[in-house]
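# Tertiary structure, described
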Amino acid sequence: MFKDKLKQIVGRRGRLLVRRIRAGRWPITKVYRDYLSGMRALEIGGPSDVLGFGGPFPIYSCLGVVHNCNYASQTIWQSEAVSYPKTFVCEGTTLPVESGSYECIIASHCLEHMANPIKALLEWKRVLRGNGVLLLILPHRDFTFDWRRPVTTVEHMREDFQLGTPETDLTHLAEVLSLHDLSRDLAAGTPEHFRERCLKNVEFRAIHHHVFVPTNTSELLNEVGFSVVRQDVQKGNIVTLAKSPNPAHA
C-alpha cells in the first residue's frame, strides 16, 4: 500500500529518480535493512547522509524509531538526512539513558573521533537490551587520508580505557599532523588551517584518534563483549553488525 501511494505522489520523474538512487545503493543494503527492521534505535553522532534517503546505505527508513546523541547541539557534521524525535546533547561515553533502553545502537563515522573507544562501546552496550544490535561504520584506513598512519592496536585502546583518557586528549596530534594526507582531505584546507582545527579538537572533534581496518575492528568489539554477526567493506567503509550479550550471560 505504501509503495502504491508513493508512486501516486512522485509520478514518473520521481520514480526514475528513485531507481537511480537505488542503483547507487551498496549491495548489502537489503540484508542489513531486513535485520534492523522495526528496531528502536539510538544513533551516536548523527545524522549521516550515508544512512538517509538518497544515501548509499539507507537505514533510517527501516527503523521503528531513532533517537540521537551528539556532543553539542551544533557540529561541523550537521546534516538533514533525518529528523529525530529526541536528541541527547552529551558525550557518547556518558549517556543519560536507562540500561536496556534500545534494541539498536548506530554509530557511523563516529568511533574513530572518540579518544576512549572502549569506554564508549561499554556505554553503548549498557543501553542496549539483551541481544541488542550495534551497527558500526568506520572508515577503512587504506582508503582514507589515514593511509600513512599505523593501525591502532587494541592494546593501545585498552590503555586509553585504563587511564581514563578524556575527549580533550591530544596524544595523537603529532602523528596526525605529520601523516594525515591533506590531498585526500580537501575540506581540511591548508596545513595551517588543519593544524588550527586539530588544536581545537575538543570543539570540532575532527581528529581521527584511532585508525581502523576490519581486523582490529572485530578484535575491539570482541574485547568489550560484542559478537560480530557480519562485516563488509563497502566503498572504503567497514560496516559491522554485532550483537550484545544476553544480560543473564554477560
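Figured I'd write up the structure that's included with this text. Computed from a predicted structure; not experimentally measured. (Residues numbered from 1 in each chain as written. Predicted model: local features only at pLDDT ≥ 70, side-chain atom pairs only at ≥ 80, totals over all residues. Heavy atoms only, no water.)

## Section: empty space enclosed by the protein
For the coordinates displayed, the defined rule picks out one cavity of 30 Å³ or more. Roughly 50 Å³ of internal volume is contained in the largest cavity. No other element matches helix α6 (residues 191–199), which puts three residues into the lining of the largest cavity. Residue composition of the lining of the largest cavity, grouped by class: six nonpolar, two polar and three charged. (1 Å grid on protein atoms, 1.4 Å probe; cavity = no way out; pocket = protein on both sides within 12 Å on 5 of 7 lines; lining within 4 Å. Points joined across faces, edges and corners; volume = space filled by probe spheres on them. Helix = DSSP H or I, 4+ residues; strand = E, 2+ residues; numbered from the N terminus. Nonpolar A, V, L, I, M, F, W, Y, C, P; charged D, E, K, R; others polar.)

## A look at the layout of surface pockets
Considering only enclosed or pocket space, the largest pocket measures out at about 920 Å³ in volume. Around the largest pocket, the lining is made up of 39 residues, and of these W77, S108, H109, E112 and H113 lie nearest the centre. Its residues assigned to classes, the lining of the largest pocket comprises 14 nonpolar, 16 polar and nine charged.

## Structural notes on the sheet that holds strand β4 (residues 102–108)
An order of β3-β2-β1-β4-β5-β7-β6 is seen for the seven strands of this open sheet, with the pairing classed as mixed. The strands lining the two open edges of the sheet, one partner per strand, are β3 (87–89) and β6 (227–234). Across the sheet, the mean angle from the axis of one strand to that of its neighbour is 15°, orientation sign disregarded. Docked against the sheet, helix α3 (residues 117–127) engages β1 (40–44), β4 and β5 (128–139), running at close to 145° with respect to β5. (Pairing = 2+ DSSP bridges. Axes fitted to C-alpha atoms, helices over the stretch in contact; angles between N-to-C directions. Contact = heavy atoms within 4.5 Å.)

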